[in-house]
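# Fold and contact review
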Amino acid sequence: MKKFFFTLIMVIVTLKAYNQSSVAMVVDATASQYTISRHIYGHFSEHLGRCIYDGYWVDPSMPVPKYDRIRLDIVEALKKIKIPNLRWPGGCFADEYHWRDGIGPRDQRPTMVNTNWGNVTEDNSFGTHEFLTLCELLNCEPFIVGNLGSGTVEEMSKWVEYLNFDGISPMTNLRKQNGRDKPWGVSFFGIGNENWGCGGNMTPEYYVTQFRQYSTFLKNYPGAPLRRIACGPSGGNYTWTDVVMAGLAPGGRGNLWGIDLHYYTRPPRGGFGQPQGGQAGQAQREGAQGQQQQQVQSQGSATNFTEATYFGTMRNALRIENYIKGHDSVMTKYDPQKRVALVVGEWGIWCDPEPGTNPRFLFQQNSLRDALIAGTTLNIFNNHCDRVKMAQLAQTVNVLQAVILTQGPKMILTPTYHVFDLYKVHHDAKMLPVKFTSPDYVYENQSLPALNASASQDSAGVVHITMVNIDPNKQITVNITLNGVKWSTVTGQVLTSAKITDINTFEKPDNVVIRKFDGARKQGEMLNVVMPSKSVVMLELK
Ligand code: AHR
């Protein structure tokens, strides 16, 4: 007995000396019920700043491999992470976009002013055909968002006919005249974007009526049933979800497939923000007006931040789990069988634009901190895949939490890109429930759960575990019991760096990249993992 206590004390002393904590985890393959849809790993690209123009779609003189004006280096990078879907054309832009302006000979397309994003002139050279060609090159599914805010029922209904009808019709003829014989069969279709704000400042009751009307005239053409996605809430606006679900729940009118929640992580202003629950400022910032103000007020630098700001930012990032649980429970009142998907159509960190860039272009750098947010958020989505069936990170190239940044012909992959690369093993795999009590990441007198994780088993029986240690100072030893899994080897990959502020630059593109992980061992039937501080780890068990 004396010996046992002596050993225990020695273990505690050793852990403290090495600045680490220890946790027991169970990954339970016998309790697996749900599949992680690959569509959780989707992306969002808006006509905003340099995402489309000078992002995907470049000047013909740009010395990079191209298909038409689409950059193929970007396409190849996104194919490597198996991008499953792409949401377009917005965002706020969607509710002022008129699709007919973006078809036909490019030199005859009308221009418009992109009033949301810097009043720049939109030349409409990237329209329906160009977007769907991009999706074909990427081998991903399009998710098109229609204009409910300033368009008409006729306009949206004709767009669907143009996209999806193969019979004889005016829209089929027009599509053929524009060079596309067969319809594309677009399935994911959003009926408006943020209609509580930039998409028309509507009440949820008014939006429901609008949705029903629009939905009625968006037809399911042969072989092309639509998955209709309603504008969802921002953050913790449960009233919006309640009213929309009450008006459009399964069995009711509207043929609702999903409801599109938006949540951005903002660095706290001053100090390290408010503890969980003290969200008055946060809620106000998430409202439509808050959103508009946010775009001009300071958010916090993407690269130059203290541990205090990091702590507050991670707390804000972790809030998404409570929002998902909250919206799920409201949805479950109307839809206990979870037929309606919670789509997280816009998520990611929103920082100050890089100094010297157009503030309305939302170009921000991307640090290890952002990768930790991505890994954490994707673990949360995986663990809630019974309800979260689709999500899009905002926004793929050169805008907000981008996975790719470009500068002329140069292109870099951000730390966030590498998280999507690590996590692609979860696409369409069976989710395995993970149980553990996280050690705390303590900053001053406040704490956050330091560790988060998710696990899955693919169709070949291979188990993957992804874990994130958000503590920037301490490693964590994780002792994992695997129920119902036969395995004999473990390999791993890790994303980490010396500092949470570390970034990839055009000069040093491989500063923060995936490396081989040698901190995992099989010990009897257990898996022992030493998670480095501020790291994302992916383990493969065969
Ligand atoms: O992603 C940038 C903007 O954020 C989108 O246009 C809008 O939907 C949201 O407010």
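Note that residues are indexed from 1 along each chain, following the sequence as it is written. In keeping with the predicted nature of the model, local features appear solely for residues at pLDDT of at least 70, side-chain atom pairs appear and are counted solely at 80 or more, and the whole-chain, interface and lining totals rest on all residues. With hydrogens and water stripped out, all remaining heavy atoms of the structure feed into the side-chain values.

Burial along strand 5 (residues 85-88) is two-sided: the residues Asn 85 and Arg 87 and Leu 86 and Trp 88 are all buried. By the bridge criterion, two bridges tie strand 2 (residues 42-44) to strand 5 in an arrangement that is parallel. Residue pairing for strand 5: His 43 is matched across the bridge by Leu 86. The sheet contact formed by strand 5 and strand 8 (residues 141-146) spans four bridges and is parallel. From the neighbouring strand, Asn 85 faces strand 8, where its bridge partner is Glu 141. Here the term buried applies to any residue with accessible area under 20% of the maximum for its type, exposed to any over 50%, and partly exposed to those in between, with areas from a 1.4 Å probe on protein chains only. Numbering goes from the N terminus for both helices and strands, where a helix is a DSSP run of H or I of at least four residues and a strand is a run of E of at least two. Paired strands, in this sense, are two strands between which DSSP finds at least two bridges.

Right, let's get into the nonpolar core. Remark: nonpolar core denotes a set of buried residues (Ala, Val, Leu, Ile, Met, Phe, Trp, Tyr, Cys) joined through side-chain atoms within 4.5 Å. Formed by 152 residues in total, the largest nonpolar core has its most connected members in Ile 465, Met 467, Leu 527 and Leu 539. Broken down by element, the residue count for this core peaks at ten residues, all from helix 10 (residues 307-334). For this core, the two domains that each supply at least three residues are domain 1 (18-32 + 433-541) and domain 2 (40-427). The contact criterion used is simple: two residues touch if any of their non-hydrogen atoms lie within 4.5 Å. Among residues more than four places away in sequence, those in contact with Leu 539 are Val 463, His 464, Ile 465, Met 467, Val 490, Thr 491, Gly 492, Phe 517, Ala 520, Leu 527 and Val 529. Counting eight residues, the second largest nonpolar core, distinct from the first, contains Ala 94, Phe 188, Ala 341 and Met 390. Where each domain starts and ends follows an automatic or database-derived domain assignment.

With that settled, consider the state of the cysteines. Every disulfide links exactly two cysteines, by a covalent bond between their sulfur atoms. Defined by distance alone, a disulfide is two cysteine sulfur atoms within 2.5 Å. Applying the stated criterion across every chain yields a total of one disulfide. In this model Cys 92 forms its disulfide with Cys 198; the gap between the sulfur atoms is 2.2 Å. Disulfide Cys 92-Cys 198: the torsion about the S-S bond is -90 degrees, which places it as left-handed. Residue Cys 92 is located in the loop between strand 5 and strand 6 (112-114), and its partner Cys 198 is located in the loop between strand 9 (188-191) and helix 6 (204-217); the two are separated by 106 residues in the primary sequence. Using a relative accessible area of 24% as the deciding quantity, one classes Cys 198 as partly exposed. In this structure Cys 135 is a free cysteine whose sulfur lies 4.0 Å from that of Cys 140, the closest cysteine sulfur available. Owing to a relative accessible area of 3%, Cys 135 belongs among the buried residues under this scheme.

If you walk across this open sheet you meet the six strands as 16-20-21-27-23-24, and the pairing is antiparallel. The sheet is open, and its two borders are formed by strand 16 (430-432) and strand 24 (514-516), each paired with just one other strand. Between one strand axis and the next, the sheet turns through 25 degrees on average, direction left out of account. Across seven bridges, the pairing between strand 21 (residues 463-469) and strand 27 (residues 535-541) is antiparallel. Each bridged residue has a counterpart across the sheet, and for Met 467 the counterpart in strand 27 is Val 537. Axis lines are fitted to C-alpha atoms, over the contacting stretch for helices. Their N-to-C directions set the angle, which ranges from 0 to 180 degrees. Each of strand 16, strand 20 (451-457), strand 21, strand 23 (490-495) and strand 27 touches helix 11 (residues 368-383); the most contacted strand, strand 20, lies at about 50 degrees to it. Contacts from helix 12 (residues 415-423) reach strand 21, strand 23, strand 24 and strand 27, with the element oriented near 165 degrees to strand 23.

Its place among the elements puts Ser 535 in strand 27. We classify Ser 535 as buried; its relative accessible area is 0%. Considered as a pair, Ser 535 and His 262 are 273 residues apart in the sequence and their alpha carbons are 26 Å apart. Ignoring anything within four residues of it in the chain, the contact list for Ser 535 reads Leu 372, Met 467, Val 468, Asn 469, Val 494, Leu 495 and Thr 496. Definition of a polar contact: a pair of N or O atoms within 3.5 Å, with one able to donate and the other able to accept a hydrogen when the atoms are protein atoms, and with sequence-neighbouring residues admitted only if both atoms are side-chain atoms. In terms of polar contacts, Ser 535 uses its side chain to reach the backbone carbonyl oxygen of Pro 532, at 2.8 Å.

Another point: helix 7 (residues 238-248). Listing the buried residues of helix 7 in full gives Trp 240, Thr 241, Val 243, Val 244, Met 245, Gly 247 and Leu 248. Its buried side turned inward, helix 7 meets helix 6, strand 10 (227-234), strand 11 (256-265) and helix 10. Residue Asn 237 occupies the N-cap position of helix 7, its side-chain oxygen lying 3.4 Å from the main-chain nitrogen of Thr 239.

A word on the packing of helix 4 (residues 153-164) against helix 6. For the pair helix 4 and helix 6, the least separation of the axes is 8 Å and the interaxial angle reads 40 degrees. Comparing their axes, helix 6 and helix 4 come out oblique. Crossing handedness for the pair helix 4 and helix 6: right-handed. Contact with helix 4, carried on its side by Val 153, Met 156 and Ser 157, involves Gln 213, Tyr 214 and Phe 217 of helix 6 and no other residues of that element. Taken together, the residues of the contact of helix 4 with helix 6 break down into four nonpolar, two polar and no charged. Working definition: roughly parallel below 35 degrees, roughly antiparallel above 145 degrees, roughly perpendicular at 65 to 115 degrees, and oblique for all remaining angles. Left-handed describes a crossing in which the near helix is turned anticlockwise from the far one by less than a right angle; the clockwise case is right-handed. All residues other than Ala, Val, Leu, Ile, Met, Phe, Trp, Tyr, Cys, Pro, Asp, Glu, Lys and Arg, Gly among them, are scored as polar; the first ten of these are nonpolar and the last four charged.

Next up on the list: unusual backbone geometry. In this model, Trp 88 is joined to Pro 89 through a cis peptide bond whose omega is 5 degrees. With an omega of -15 degrees, the peptide bond between Ala 394 and Gln 395 qualifies as cis. If you trace the backbone, Gln 395 turns up in the loop between strand 13 (388-394) and strand 14 (404-407). Positive phi values are uncommon outside glycine, yet Glu 194 reaches one of about 40 degrees. Positionally, Glu 194 belongs in the loop between strand 9 and helix 6. By relative accessible area, which is 4% here, Glu 194 ends up buried. Positive phi, close to 50 degrees, is recorded for Glu 444, a residue that is not glycine. Tracing the backbone through its elements, the reader meets Glu 444 in the loop between strand 18 (440-443) and strand 19 (446-449). You can call Glu 444 exposed: its relative accessible area is 57%.

Next up on the list: the sheet that holds strand 5. The strands making up a sheet are joined through hydrogen bonds of the backbone, oriented either antiparallel or parallel. On the basis of which strands lie adjacent, the closed barrel formed by eight strands has the order 2-5-8-9-10-11-12-13 and parallel pairing. Recorded for the sheet is a direction-independent mean angle of 30 degrees between the axes of neighbouring strands. Sheet strands in contact with helix 11 are strand 11, strand 12 (341-349) and strand 13, and its direction is about 170 degrees off that of strand 12.

The subject of this paragraph is the side chain of Ser 454. Along the chain, the position of Ser 454 falls in strand 20. Residue Ser 454 is classed as buried on the basis of its relative accessible area of 0%. Aside from chain neighbours lying at most four places away, what touches Ser 454 is Asn 379, Asn 382, Asn 383, His 426, Val 434, His 464, Ile 465 and Thr 466.

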